[in-house]
Each structure stands twice: as C-alpha cells, then as structure tokens.
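Here's the letter readout for the chains.
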Amino acid sequence: MSTTTNGALWQKNPILAWREIDGEIVIVSPNDSVLHELNETGSFVWKRLDGHRPAAEIASSLAAEYDVRAQDALRDTEMLLSELASRQLVVPANSLTTGGTE
C-alpha cells in the first residue's frame, strides 16, 4: 500500500523520545522499546517535520542542502516519510488537532 506524502503535513509522533547524537537522530518508541536510527539525510528530514511543511518543501530544502536533483530528493523524502509513517514514528499533523476551523 502506498501512502501519498507529497501534500500531507507530517509531524513527529508526540509519544516518541528522540535526540540528536553526532548529527544523527536516534528515536525510541516507548510502546515497544524499539530504537530507530536515522542517517544524516533522514535526520535532516526529521528535524523539519513540524506539521507545517509539506514533503515537497522539505525535499526542496534537502535538494539544496545536499546538491541533488529535486525529483530525487522528493522521491527519497516521500519514501522515508512512508516508512516512518508505517512505523508510527510520524503522524499526519491534522490527526493531532482537536477541532479546527474550516
């Protein structure tokens, strides 16, 4: 099953404990005590997951920072977000809002 991440706004799952160590993010899932480590580019994406930036914007920053093609950065960002979502490390930003305005 493929999740469309390009237009979605993702946010770090608030139940997680995480920290940056030597430029890389280490995440602990308290429910199952699993440790997840992100490489440098994964950590770059993770630090920008604030519930306000779509994948395309994060990918654009990634492309500029690492001098890669925009479409490659977007593909990689979407793949990472899909993987993080499948592990419940990120959640859609709107799932954490209680009653919004339309």
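Before reading further, recall that the structure is shown in the block above.
Residues numbered from 1 in each chain as written. Predicted model: local features only at pLDDT ≥ 70, side-chain atom pairs only at ≥ 80, totals over all residues. Heavy atoms only, no water.

**Considerations on the sheet that holds strand 1 (residues 9-12)**
In spatial order, the strands read 5-1-6; together these three strands make up an open sheet with antiparallel pairing. Edge positions in the sheet fall to strand 5 (50-54) and strand 6 (90-92), since each has one partner strand and no second. The average angle at which neighbouring strand axes cross in this sheet is 35 degrees, direction not considered. Pairing between strand 1 and strand 6: three bridges, direction antiparallel. In the sheet register, Gln11 faces strand 6, and the bridge partner there is Val91. (Pairing = 2+ DSSP bridges. Helix = DSSP H or I, 4+ residues; strand = E, 2+ residues; numbered from the N terminus. Axes fitted to C-alpha atoms, helices over the stretch in contact; angles between N-to-C directions.)

**Section: the nonpolar core**
Counting 19 residues, the largest nonpolar core has Ile27, Trp46, Leu49 and Leu84 as the members making the most contacts within it. When residues of this core are traced back to their parent elements, those giving at least two are strand 3 (24-29), helix 1 (40-47), helix 2 (55-66) and helix 3 (70-86). Top element by residues in this core is helix 2. It accounts for five residues. Excluding anything up to four places from it in sequence, Trp46 contacts Lys12, Leu16, Trp18, Ile25, Ile27, Leu38, Leu84, Leu89 and Val90. (Core = buried A, V, L, I, M, F, W, Y, C linked by side-chain atoms within 4.5 Å. Buried < 20%, exposed > 50% of the residue type's maximum accessible area, 1.4 Å probe, protein only. Contact = heavy atoms within 4.5 Å.)

**With respect to the packing of aromatic side chains**
Enumeration according to the criterion identifies two aromatic pairs in this entry. Relative to Trp46, the ring of Trp18 lies with its centre 5.8 Å away and its plane at 80 degrees, an arrangement referred to as edge-to-face. Taken as a pair, Trp18 in strand 2 (residues 17-21) and Trp46 in helix 1 lie far apart in primary sequence, 28 residues in all. Classification of Trp18 by relative accessible area gives partly exposed; the value is 37%. (Phe/Tyr/Trp six-rings, centres within 6.5 Å; stacked < 30°, edge-to-face > 60°.)

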